[in-house]
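# Structural description and commentary
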Amino acid sequence: MTNEASPVHVSLAERTLQVLRELVLTGEIPPGARVNEVELATRFGISRGPVREAIRHLTSEGLLVLRTNRGAYVPKADAEQVHALFELRVALEGEASRFAALRRTEADVRELRRRSANARAGFESGRRFPYRLDLDFHGGLLQAARSPLITSQVHLVQQQVILLRTTTPVDPAHSSASLDDHDRLVEAIEAGDPELAAETMRVHLHRVRDQLLTYLDLPERAFLG
């Protein structure tokens, strides 16, 4: 392989990965569905190699599962998975909130307020509270935390939670409460109160977890921590 060909291959692989990830996260390929390598290659107008590579990558991120002799599937939610994911999110994002309160600058606070206001404006205009707006706010908090390792792990967990929420209906009351949680997080971070920030994040994530369990009709259990 020549040096000129390598960047083209990497670019194609990255684009294929981005498109396939979006199809999974938006629910266009729904939970329980098989990811057909041949059909996707035909749809994208490319060879099967980049599709196969994208499937392997998404499997490593937990967005796809491989079944012996059956191929790759989008996983369905189960109660243990939901609880495990949120236990991890509370641990990671609670600590990120703590760091954000300790390390934030005035510019960080302004950016968090902007992102929170943007999400609320989208919700109040009648749009669904989409995952991108939620991720945008949480991304601003992670920037303020200045912990690259926590950030990389949070991104992986957040994707899996988004995947589980693709089939849940719009709940205006839940969306409004989540937006209020975001505002309280900004206030705690601006005040430089790490314990309040971590507790506010914990309450927020428990709210999201319980809503998800309710709509997926999965059993709740005592949450440790």
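What counts, and where the lines are drawn
Residues numbered from 1 in each chain as written. Predicted model: local features only at pLDDT ≥ 70, side-chain atom pairs only at ≥ 80, totals over all residues. Heavy atoms only, no water. Axes fitted to C-alpha atoms, helices over the stretch in contact; angles between N-to-C directions. Helix = DSSP H or I, 4+ residues; strand = E, 2+ residues; numbered from the N terminus. Parallel < 35°, antiparallel > 145°, perpendicular 65-115°, else oblique. Contact = heavy atoms within 4.5 Å. Nonpolar A, V, L, I, M, F, W, Y, C, P; charged D, E, K, R; others polar. Expected span 1.5 Å × (residues − 1). Buried < 20%, exposed > 50% of the residue type's maximum accessible area, 1.4 Å probe, protein only. Polar contact = N/O pair within 3.5 Å; in protein donor to acceptor, adjacent residues only side chain to side chain. Core = buried A, V, L, I, M, F, W, Y, C linked by side-chain atoms within 4.5 Å. Salt bridge = Lys/Arg side-chain N within 4 Å of Asp/Glu carboxyl O.

Per an unreviewed UniProt entry, the protein chain goes by GntR family transcriptional regulator and derives from Allokutzneria multivorans.

Before going further, it helps to spend a moment on the packing of helix α5 (residues 106-124) against helix α6 (residues 131-145). Orientation of α5 relative to α6, taken along the N-to-C sense of each, is 170 degrees, at an axis distance of 9 Å. It follows from the interaxial angle that α5 and α6 lie roughly antiparallel. Here D108, L112, R115, S116, N118 and A119 of α5 come into contact with α6, specifically with L133, D136, F137, G139, G140, L141, Q143 and A144. Per-class residue counts for the contact of α5 with α6 are six nonpolar, five polar and three charged.

Looking now at helix α8 (residues 172-190). Relative to the 27 Å expected for 19 residues at 1.5 Å per residue, α8 spans 27 Å between its end C-alpha atoms, a close match to the ideal helical length. All buried positions along α8 are accounted for by H174, S175, A177, S178, L179, D181, H182, L185, V186, A188 and I189. Looking at the buried positions of α8, the neighbouring elements they touch are α4 (79-103), α5, α6 and α9 (194-215). With a side-chain oxygen positioned 3.1 Å from the backbone nitrogen of A173, the residue opening α8 is D171. Taken from the residues just after α8, G192 is the one with a positive phi, measuring 70 degrees.

The residue E61 is located in the loop between α3 (48-60) and β2 (65-67) in this model. Polar contacts involving the side chain of E61 include one to the side chain of Q159, which spans 2.7 Å.

To continue, consider the packing of α5 against α8. One way to put it is that α5 packs onto α8 with a least axis distance of 10 Å and a crossing angle of 170 degrees. By the angle between their axes, α5 is roughly antiparallel relative to α8. Contacts between α5 and α8 involve V109, L112, R113, S116, A119, R120 and F123 from the first element and P172, S175, S176, L179, D180, H182, D183, V186, E187, I189 and E190 from the second.

In terms of nonpolar packing, the biggest core is built from 30 residues, with V82, F86, A96, A100, L112, L141 and I189 touching the most fellow members. Elements that contribute at least two residues to this core include exactly α4, α5, α6, α7 (148-164), α8 and α9. Counting residues per element, this core draws most heavily on α4, which supplies eight residues. Those residues in contact with L112 that sit more than four places away from it in its chain are F137, G140, L141, V186 and I189. Of all hydrophobic cores here, the second largest spans 21 residues; its members include L20, I46, L63 and V74.

On to the pattern of salt bridges. Applying the stated criterion across every chain yields a total of 18 salt bridges. In this structure, R48 engages E37 in a salt bridge whose closest nitrogen and oxygen atoms are separated by 3.0 Å. Residue R48 is found in helix α3, and its partner E37 is found in helix α2 (residues 37-44); the two are separated by 11 residues along the sequence. Using a relative accessible area of 42% as the deciding quantity, one classes R48 as partly exposed. Here R115 ties to E111 by a salt bridge, and the two come within 2.8 Å at their closest N and O atoms. Taken together, the residues span about one helical turn, with R115 and E111 both in helix α5 at a distance of four residues. You can call R115 buried: its relative accessible area is 9%. Connected via shared salt-bridge partners are E111, R114, R115 and D136.

Positive phi, normally seen in glycine, also occurs at N69, with a value near 65 degrees. Note on placement: N69 falls in the loop between β2 and β3 (71-73). At R146, a position not held by glycine, the phi torsion is positive, near 55 degrees. Along the polypeptide, R146 turns up in the loop between α6 and α7. Classification of R146 as partly exposed rests on a relative accessible area of 42%.

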